[in-house]
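Residue-level structure breakdown
Spelled out, the chains give:
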Amino acid sequence: MTDDETPLERERRAKAERLRGEGREPYPWSFVGRVPSDDVRLRCSTLAPGEEAPGEPVRVAGRLKAFRVHGKTAFGDLEDRAGTIQLLLRADSMDAGEFERWLRDLDPGDIVGADGVPAVSKRGEPSVHVRAITLLAKAIAPPPEKFHGLQDVEERLRRRYLDLLASPETRALFRARSQLVREMRQYLDAAQFLEVETPVLLPVAGGAAATPFVTHSRYLDADVPLRISLELPLKRLLVGGLERVYELGRAFRNEDMDTTHSPEFTELEAYWAYADYHDMRRLVEGLFGHLAERVRPLLPDSAAAQQAARDFTPPFATVDFVDELERRSGIRDLLAKGVDELRELARGIGSTVPDRSGPGVFLDKLFEHYVEPHLERLTFVVDHPSVTTPLAKRHRSKPGRVERFEMFYRGFELGNAYTELNDPDEQERRFREQLGGPGGDAYAYDADFVRALRHGMPPATGIGVGVDRVIMGLTGTASIKDVILFPLVRPR
RNA sequence: GGGCCCGUAGCUCAGCCCGGUAGAGCAGGCGGCUCUUAACCGCAAGAUCAGGGGUUCGAAUCCCCUCGGGCCCGCCA
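The numbering scheme is per chain: residues are counted from 1 as the chain's sequence reads. For this description, chains carry letters from A and ligands carry numbers from 1, given in the order in which they are written. In keeping with the predicted nature of the model, local features appear solely for residues at pLDDT of at least 70, side-chain atom pairs appear and are counted solely at 80 or more, and the whole-chain, interface and lining totals rest on all residues. The side-chain quantities take in all heavy atoms of the structure and omit both hydrogens and water.

For the rest of this paragraph, the subject is helix α9 (residues 303-311). Burial here depends on accessible area, computed with a 1.4 Å probe over protein chains only, as a share of the maximum for the residue type. Under 20% is buried, over 50% is exposed, and the range in between is partly exposed. Working definition: helices are DSSP H or I runs of at least four residues, strands are E runs of at least two. Numbering for both runs from the N terminus. Within the sequence span of α9, burial applies to Ala305, Gln306, Ala308 and Ala309. Along the axis of α9, the buried residues cluster in a sector spanning 160 degrees; they form a single face. In this analysis, two residues are considered to be in contact whenever any of their non-hydrogen atoms come within 4.5 Å of each other. If you follow the buried residues of α9, they end up packed against α8 (277-298), β13 (404-409) and α15 (467-475). The directions from the helix axis to the C-beta atoms form the arc being described.

Structure below.
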């Protein structure tokens, strides 16, 4: 068929053709009436070694993982979503010639169905004593090595299906991710939040400082950025009276990739009218505690996940942004320093951000350098200097600060929340101050958002959570690519 | 963008320091085996050593470039 066919593939393709020639379709349409493997295990639990239940025929289906042949007896390991079950084949239990045929034409990696009866092998392994085999899909390409699985990191990312089929741990991880995201939804639903969907394609990408991906609308003849945050559309919904909204969706940032940054990533953002950042903190602590409970049974074999579950159980540490930065750096009276002084301090730690950056940028650099690497355990950093944060409301009692918290774990940020700025004139001023900074990555000026605020947004709190990073935290994984099924990789 | 490391059979690895013409296991082929579970035993087969260039009588091995990947740093919510 293909030019790059390997001898192995030629051999397997020949088996498929041989079966076809015998009137057996190697890719049939369906296989109804099968039961999951754990169902058979249950039926076997009352049987003694060597015993079987002839009155209870069962049908199973899955991927053939291994095949051990002993002359006129053979054992196969069949894997389905419930686990594995052994197939026990004996020449004298099948129609004449069937045993030899399947020995010849079956390979590890094939998708097969089996009819038989629950049986426990003499060595005590729960099994299906097979009467008939049905090939459900011939695997032309061989599976990864049966014991070590797929080790090559690049191959695991580029060909995730191989990683999944070879690794029960990978399957368990992504099942856990799915379940944890579902738990996030249920938690917010129970708190009366409304799930909404806002646009990925926008006239202006705002709500954060990052370079967007830009595509083009032929109809509008206009460049259209993909969202870098979900924030501004969701706040418009508070203006519209929806009061409690959230969205779980993909955001896109055209930046470098590393172990905690993916160009497309999943964000959870929630906005809550008539509440402030103290309320939001209680909500998110409750959510983390809930997720910590749920991840424990999902990944019982992962010591890292079990440790992470403890780490995500409240109470959590709290540090004041300014106090902690001053304590760690030894710098005094940070808030009294002008932009020139802050620039010098940032230069002193090797930062290379542009000279024209605003004071907030330099403060962020100092915090990243002196504090963030130390935030190993789950920590809430609170009350940032206002110059770092254009979308938050000024602190009700601390001058020069905003009402904000960020959550850190293992040295990276998990999320960010404010008491939201809802004064339209101040919002406009803050946007304009940002524009004064260096081009590139300033917060984009969203004129329609300011206009929306002029119609009145109730006092509110909001939060953005990096879902992939929370999943990393809860599952104890090292790289964001480990929790994304198909991470972006360089074409080859 | 800078530094370090990796790329050998479909898969998992050895060989590289110290140059001498590529080795094992799994999977696949042939043969044997009626209770194995990383089954086992025997035989045969399978490799542009990521790609290109250089040094050398001789390069998987030493040097340079390119491609792909990982980690760290820088940049980046």
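Looking now at the protein's contact with RNA strand B. By convention in these notes, a residue is near a molecule or strand provided one of its non-hydrogen atoms lies within 4 Å of it. Surrounding RNA strand B, one finds 52 residues, the nearest of these being Arg123, Lys146, Glu154, Arg253 and Glu413. Each atom of RNA strand B within 4 Å of the protein was assigned to sugar, phosphate or base; sugar and phosphate come to 61%. His70 is positioned such that a nitrogen or oxygen atom in its side chain is 3.2 Å from a sugar or linking oxygen of RNA strand B. Here Lys72 contributes a backbone N or O atom positioned 3.4 Å from a phosphate oxygen of RNA strand B. For the surface near RNA strand B, the secondary-structure elements that each account for two or more residues are α1 (7-21), β1 (58-70), β2 (73-80), β3 (83-90), α4 (153-158) and β13. Considered class by class, the residues forming the surface near RNA strand B number 14 nonpolar, 12 polar and 26 charged. In protein, a polar contact requires one atom able to donate a hydrogen and another able to accept it; more generally it is a pair of N or O atoms within 3.5 Å, and residues adjacent in sequence count only if both atoms are side-chain atoms. Under the scheme applied here, ten amino acids are nonpolar (Ala, Val, Leu, Ile, Met, Phe, Trp, Tyr, Cys and Pro), four are charged (Asp, Glu, Lys and Arg), and all others, including Gly, are polar.

This part covers the packing of aromatic side chains. Aromatic contacts are taken between Phe, Tyr and Trp rings whose centres are within 6.5 Å, Trp giving its six-membered ring; a plane angle under 30 degrees counts as stacked, one over 60 as edge-to-face, and the others as tilted. Applying the stated criterion across every chain yields a total of 11 aromatic pairs. Between the aromatic rings of Phe288 and Phe316, the centroid separation amounts to 6.2 Å while the plane-to-plane angle is 80 degrees, which identifies the pairing as edge-to-face. Of this pair, Phe288 sits in helix α8 while Phe316 is found in the loop between α9 and β11 (317-320), placing the two residues 28 residues apart along the sequence. Summarising the burial analysis for this pair, Phe288 and Phe316 share the class buried. The interplanar angle of 10 degrees and the centroid separation of 4.2 Å between the aromatic rings of Phe321 and Phe367 together place this pair among those described as stacked.

Time to look at helix α11 (residues 339-348). Within α11, burial applies to Leu342, Arg343 and Ala346. End-on view of α11: buried residues confined to an arc of 105 degrees, all on one side of the axis. In this structure, α11 carries Asp340, Glu344 and Gly348 as exposed residues pointing more than 90 degrees from its buried face. The inward-facing, buried residues of α11 contact α12 (359-370). Of the residues trailing α11, Gly350 is marked for its positive phi of about 90 degrees.

This part covers the pairing of strand β7 (residues 214-217). Here 4 bridges tie β7 to strand β8 (residues 222-225), and the two strands are oriented antiparallel to one another. Each residue of the ladder has a partner; that of His216, found in β8, is Asp223. If you look at the hairpin formed by β7 and β8, you'll find 4 residues sitting between the two strands, and Asp221 has a positive phi there, around 50 degrees. Pairing between strands requires that DSSP locate at least two bridges from one strand to the other.

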